[in-house]
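Structural description and commentary
Okay, here's what each chain looks like letter by letter:
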Protein chains: 2
Amino acid sequence: MGRKKVEIKRIGDKNSRQVTFSKRRKGLLKKAKELSILCDADVAVVVFSNRGRLYDFYSTNRFLIKSLHIVRSFF
Amino acid sequence: MGRKKVEIKRIGDKNSRQVTFSKRRKGLLKKAKELSILCDADVAVVVFSNRGRLYDFYSTNRFLIKSLHIVRSFF
DNA sequence: AGGTCTATGTATAAAGA
DNA sequence: TTCTTTATACATAGACC
């Protein structure tokens, strides 16, 4: 999805890896939200950067999702 | 991303909603896996269909992700 | 670390099997 | 429901701020 086809393996260059992380993380959370709205489904996404920062999305009220959210709140 | 632009709101037609759920759910899990590999990040995705079926992905070993996985195992 | 640009790869809507 | 096919919308790689 860009100027060049990308092989799915760990990106060696630290800076590129960080840039890609930022872009794709945003894309993943967006798509999770879209899925939950379009299809009336419960969705949770949790992303942990290797520097320990946490990014997440929880769609709603289903018990499992709530439980995950509660677990997440301990961190 | 298809023949027609789609508004992000609940899909009314039950069959279309199911078809879209199947496609996008698969796409979301794929992208979660790609993100975890490319960027060496921990990722968890949990999707619950409104008919109660569960689909999920957990990248790896980080404690939070493990915890989420443990919670998930109770369901 | 985040935003813009834009060429190009990818995901997916709709239809049909 | 699940797989194909095809056209099109969307995400994003790389370059530059």
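Chain A appears in an unreviewed UniProt entry as Mads-box transcription factor 1 from Nicotiana attenuata. Per UniProt, chain A carries the Subcellular location (unreviewed entry) text "Nucleus".

Bringing the sheet that holds strand 1 (residues 42–48) of chain B into the picture now. Ordered in space as 2(A)-1(A)-1(B)-2(B), the four strands form an open sheet in which the pairing is antiparallel. Of all the strands in the sheet, just strand 2 (54–58) of chain A together with strand 2 (54–58) of chain B have a single pairing partner and so form its edges. Strand-to-strand twist across the sheet, computed as the mean angle between neighbouring axes with direction ignored, equals 0°. In terms of strand pairing, strand 1 of chain B meets strand 2 of chain B through five bridges, oriented antiparallel. Residue pairing across strands places V46 of chain B opposite D56 of chain B, the latter belonging to strand 2 of chain B. Taken strand by strand, helix 1 (residues 14–39) of chain A contacts strand 1 (42–48) and strand 2 of chain A together with strand 1 of chain B, and its axis lies near 170° from that of strand 1 of chain A. Seen against the sheet, helix 1 (residues 14–39) of chain B touches strand 1 of chain A together with strand 1 and strand 2 of chain B and runs at an angle of roughly 170° to strand 1 of chain B.

Turning to the protein's contact with DNA strand D, a few remarks are in order. As a structural note, the neighbourhood of DNA strand D is formed by 19 residues, with M1 and K23 of chain A together with R3, Q18 and R51 of chain B the closest of them. Backbone atoms, meaning sugar and phosphate, make up 71% of the atoms of DNA strand D lying within 4 Å of the protein. Between K30 of chain A and DNA strand D, the recorded distance is 3.0 Å, taken from a side-chain N or O atom to a phosphate oxygen. Residue G2 of chain B places a main-chain N or O atom 3.3 Å away from a sugar or linking oxygen belonging to DNA strand D. When contributions to the surface near DNA strand D are tallied by element, the ones reaching two or more residues are helix 1 of chain A together with helix 1 of chain B.

This part covers the packing of helix 1 of chain A against helix 1 of chain B. Packing of helix 1 of chain A against helix 1 of chain B brings their axes to within 10 Å, and their N-to-C directions diverge by 160°. In terms of their interaxial angle, helix 1 of chain A and helix 1 of chain B are classed as roughly antiparallel. As for how helix 1 of chain A packs across helix 1 of chain B, the hand of that crossing is left-handed. Contact residues: helix 1 of chain A offers R17, T20, F21, R24, R25, L28, K31, A32, E34, L35, L38 and C39 of chain A, while helix 1 of chain B offers R17, T20, F21, R24, R25, L28, K31, A32, E34, L35, L38 and C39 of chain B. When its residues are assigned to classes, the contact of helix 1 of chain A with helix 1 of chain B shows 12 nonpolar, two polar and 10 charged.

Let us now look at the pattern of salt bridges. Overall, the coordinates contain six salt bridges over all chains when judged by the stated rule. A salt bridge links R24 of chain A to E34 of chain B, with the nearest nitrogen and oxygen atoms 2.9 Å apart. One end of the pair, R24 of chain A, is in helix 1; the other, E34 of chain B, is in helix 1, on a second chain. Judged by its relative accessible area of 14%, E34 of chain B falls in the buried class.

What follows deals with the interface of chain B and chain A. With 41 residues of chain B at the contact, the number on the chain A side is 41 residues. Between chain B and chain A, roughly 3,800 Å² of surface is buried when both sides are summed, and carbon and sulfur atoms account for 74% of that area. Viewed at the interface, chain A and chain B are joined by four salt bridges. Counting the contacts that link chain B with chain A gives 10 residue pairs in polar contact (both at pLDDT 80 or more). Within the residue set of the side of chain B that touches chain A, elements represented by two or more residues are helix 1, strand 1 and helix 2 (63–73) of chain B. In terms of residues, the side of chain B that touches chain A owes the most to one element, helix 1 of chain B, which gives 13 residues. Partitioned by chemical class, the residues of the side of chain B that touches chain A number 25 nonpolar, four polar and 12 charged. Note that strand 1 of chain A and strand 1 of chain B share seven bridges and pair antiparallel. When the bridges of strand 1 of chain B are listed, A44 of chain A appears paired with V46 of chain B.

Rules of the game
- Note that residues are indexed from 1 along each chain, following the sequence as it is written.
- Going through the entries in the order they are written, you letter the chains from A and number the ligands from 1.
- Totals for whole chains, interfaces and linings use all residues, but because this is a predicted model, local features are given only for residues with pLDDT of at least 70 and pairs of side-chain atoms are given and counted only at 80 or more.
- Water and hydrogen atoms were dropped before computing side-chain values, which therefore reflect all heavy atoms in the structure.
- UniProt positions are given in the numbering used here, feature names are shortened, and annotations may be inferred rather than shown by experiment.
- In this scheme, strands are said to pair when DSSP sees at least two bridges between them.
- Helix and strand definitions follow DSSP, with helices as H or I runs of at least four residues and strands as E runs of at least two, each counted in order from the N terminus.
- Lines are fitted to the C-alpha atoms to define the axes, a helix being fitted only along its stretch in contact, and any angle between axes, read from their N-to-C directions, falls within 0 to 180 degrees.
- Contacts: residue pairs with any heavy atoms within 4.5 Å of one another.
- For this description, a residue counts as near a given molecule or strand if any of its non-hydrogen atoms is within 4 Å of it.
- Any pair of nitrogen or oxygen atoms within 3.5 Å is treated as a polar contact; in protein, a donor-acceptor pairing is required on top of that, and neighbouring residues in sequence qualify only through side-chain atoms on both sides.
- The scheme is simple: roughly parallel for angles under 35 degrees, roughly antiparallel for over 145, roughly perpendicular for 65 to 115, oblique for anything else.
- By convention, the crossing between two helices is left-handed when the near helix turns anticlockwise from the far helix through less than a right angle, and right-handed when the turn is clockwise.
- Charged means Asp, Glu, Lys or Arg here, nonpolar means Ala, Val, Leu, Ile, Met, Phe, Trp, Tyr, Cys or Pro, and polar covers whatever is left, Gly included.
- Definition used for salt bridges: Asp or Glu carboxyl oxygen within 4 Å of a side-chain nitrogen of Lys or Arg.
- For the exposure calls, accessible area comes from a 1.4 Å probe over protein chains only, and a residue counts as buried if that area is under 20% of its type's maximum, exposed if over 50%, partly exposed in between.
- Buried area, as used here, totals the accessible surface that two parts lose on assembly, with accessibility defined by a 1.4 Å probe and the loss added over both.

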